[in-house]
Amino acid sequence: MRTYIYRLMLAMVVLSGIVACARNEAPRRRSNSRTSVDHLIIKEVFYIGHVVTKSFPEEWGLAPVKSWYEDDQYISIYNPTSEVKYLDGHALCTTALDPSDERTFAGKEDFRRKYIGVEAISYFPGSGKEHPIQPGQTVVIAKYAIDHAKEYFIRLNKQAKEYGEEPEDPKRYKGVDDLLDLTKADWEWTNSDYDKQGMNNPNVPDLVPILTGVDSKGKKYSDFAIKQLSGQNGIVLIQLPWTPEDFRENYQDTKERPGYRHYINVTNSLFADFYAIEIPFSKALDCITVCPKRRYKINPYKNTYDRGYNAVTEVAAKNTPKSDWQKYSGLALIRKWDGKKFVDDNNSTSDFEVRPASLARTATPQK
């Protein structure tokens, strides 16, 4: 009997040690493709935009010029559960670590075992149950919820007029007709109060930058807001761990206590130090790592939260030969459907695939 009790106590000690160690590591996510998902997921990320080509009069002797149009970016969120979820108090974030930029941390500065570090946060406003997302519903968050093809020449000609130039000839442009019509998007991550481009749609609700205020001259300002999706970034869907008011008051370090935003020392190169806003693992719902295969250097979350990465291109889009640009134009990262549900194996490489954007004007309807 004593032997049995001794073994039981020893087992309990070993188990408690394992649990204690696990608490200091990033927790295992609660679902994968073989089990039900109990949280909202990122369904699609369209970040690369479209290629627009401008030609010139033959007598000018100039070759056509290609450029990327990236203002029709969007992210979609999906509710895979059987219950109503609410977007109030949720937020989209981009990571402080660029997965294509290798970092060597000073001392114990590798924060990835302690929390998720982000640099930008834009949140869904609301008191708790103002913005439901029904079971099986998809919500689209656009950079700008406008008809980008329709607005393209309006804005181009407005600029030409300001410079005293002739209006542009639409016949000299190719690719504009492919720009997305995002007027039916549910949200914009740009905010009309802080949109310097003046492209924000006043009829579509906006996400709010995590830090806002009014300066001494009465002018509104914001900081740490999502502005542009790059081709090398982590994107995270979270529940806010604090109120915006709490964040404003406490994000900076003081002599009395550490804040929510930390200075991270890096040793592998000069001027590589950066700041990371601390998001507890328990507040992170879903994430994706966007990075071209040939550029990937570091996991922005540690492997527990995302064991892979994915991208539309093999290298950075703008470093891709211009002769190849067109084949990537309009492609998105879309979560895989296994015939019954969306795949969620905590691995961006296997969870997502490259396909034409689901909101393309000629897109095939998606699940």
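Refer to the structure printed above.
Per chain, residue numbering runs from 1 following the sequence as it is written. Residue-level local features of this predicted model are given only where pLDDT is at least 70; pairs of side-chain atoms are given and counted only at 80 or more, and the full residue set underlies all totals for whole chains, interfaces and linings. The side-chain values count all of the structure's non-hydrogen atoms but skip hydrogen atoms and water molecules.

Novice: Is there a simple way to think about the pairing of strand 16 (residues 261-264) in this case?
Specialist: The side chains of a regular strand alternate between both faces of the sheet. Of the two faces of strand 16, the one lined by His262 and Ile264 is fully buried and the one lined by Arg261 and Tyr263 carries no buried residue. One ladder, built from four bridges, connects strand 16 with strand 17 (residues 274-279); its direction is antiparallel. Its bridge partner being in strand 17, tyrosine 263 is matched across the sheet by tyrosine 275. Exposure is judged per residue with a 1.4 Å probe applied to protein chains only, and the accessible area is read against the type maximum: over 50% gives exposed, under 20% gives buried, and values in between give partly exposed. Numbering of helices and strands runs from the N terminus; a helix is a DSSP stretch of H or I covering at least four residues, while a strand is a stretch of E covering at least two. Whether two strands pair depends on DSSP finding at least two bridges between them.

Novice: What is the right way to look at the sheet that holds strand 1 (residues 41-46) in this model?
Specialist: In any sheet, the strands associate via hydrogen bonds between backbone groups, in a parallel or an antiparallel arrangement. Spatial strand order, 11-9-4-1-19-20: six strands in an open sheet with mixed pairing. Unpaired on one side and paired on the other, strand 11 (187-188) and strand 20 (352-356) mark the two borders of the sheet.

Novice: What is the right way to look at unusual backbone geometry in this model?
Specialist: Phi is positive for phenylalanine 224, which is not a glycine, with a value near 60°. Relative accessible area serves as the criterion here: at 9%, phenylalanine 224 is assigned to the buried category. Backbone geometry places asparagine 346, a non-glycine residue, at a positive phi of 60°. Within the element layout of this structure, asparagine 346 appears in the loop between strand 19 (331-335) and helix 5 (348-351).

Novice: Please explain helix 2 (residues 148-162) as it appears in this structure.
Specialist: It helps to recall that an α-helix has 3.6 residues per turn; residues three or four apart then point in one direction. Each helix should span, by expectation, one fewer than its residue count multiplied by 1.5 Å. For helix 2, spanning 15 residues, the distance from its first C-alpha to its last is 21 Å, which sits close to the expected 21 Å at 1.5 Å a residue. Within the sequence span of helix 2, burial applies to His148, Ala149, Tyr152, Phe153 and Ala160. For helix 2, the arc enclosing every buried residue in end-on projection is 135°, short of the 170-degree limit, so these residues lie on one face. Relative to its buried face, helix 2 has exposed residues pointing more than 90 degrees away, namely Lys150, Lys158, Lys161 and Glu162. Where helix 2 starts, the residue carrying a side-chain oxygen 3.3 Å from the main-chain nitrogen of alanine 149 turns out to be aspartate 147. Regarding the arc, it is the one traced by the directions from the helix axis to the C-beta atoms. In the analysis that follows, any N or O atom pair within 3.5 Å is treated as a polar contact, provided that within protein one partner can donate a hydrogen and the other can accept it, and provided that, for residues neighboring in sequence, both atoms belong to side chains.

Novice: Just checking my understanding: could you explain the sheet that holds strand 10 (residues 173-174) for this structure?
Specialist: What the three strands build is an open sheet, ordered 3-2-10; its pairing is antiparallel. Bordering the open sheet on either side are strand 3 (65-69) and strand 10, each of which pairs with just one other strand. Of the strand pairs in this sheet, strand 2 (residues 50-54) and strand 10 are connected by two bridges, and their pairing is antiparallel. Bridge assignment links lysine 54 to a residue of strand 10, and that residue is tyrosine 173.

Novice: Please explain the pairing of strand 6 (residues 90-95) as it appears in this structure.
Specialist: Among the six residues that make up strand 6, six are buried, leaving the element largely enclosed by the rest of the structure. Side-chain alternation along strand 6 places His90, Leu92 and Thr94 on one buried face and Ala91, Cys93 and Thr95 on a second face that is also buried. Examined bridge by bridge, strand 6 and strand 15 (residues 233-239) share five bridges and lie antiparallel to one another. Bridge assignment links histidine 90 to a residue of strand 15, and that residue is glutamine 239. Bridge count for strand 6 against strand 7 (residues 116-123) is five bridges, and the pairing is antiparallel. Within the sheet, the bridge partner assigned to threonine 95 lies in strand 7 and is valine 118.

Novice: I keep staring at the pattern of salt bridges and nothing clicks. Help me out?
Specialist: Pairing between side chains of opposite charge can happen when their charged atoms approach one another. Note on definitions: salt bridges are taken to be side-chain nitrogens of Lys or Arg within 4 Å of carboxyl oxygens of Asp or Glu. Per the counting criterion, the structure on display carries 15 salt bridges. The partner of lysine 341 in a salt bridge is aspartate 338, with the nearest N and O atoms 3.4 Å apart. In this structure lysine 341 comes out as partly exposed when scored by relative accessible area, which is 29%. Judged by relative accessible area, which is 40%, aspartate 338 ranks as partly exposed. Salt bridges here are not isolated pairs; linked through shared partners, they connect Asp286, Arg335, Asp344 and Asp351.

Function cannot be inferred from these measures alone, as they are strictly geometric.
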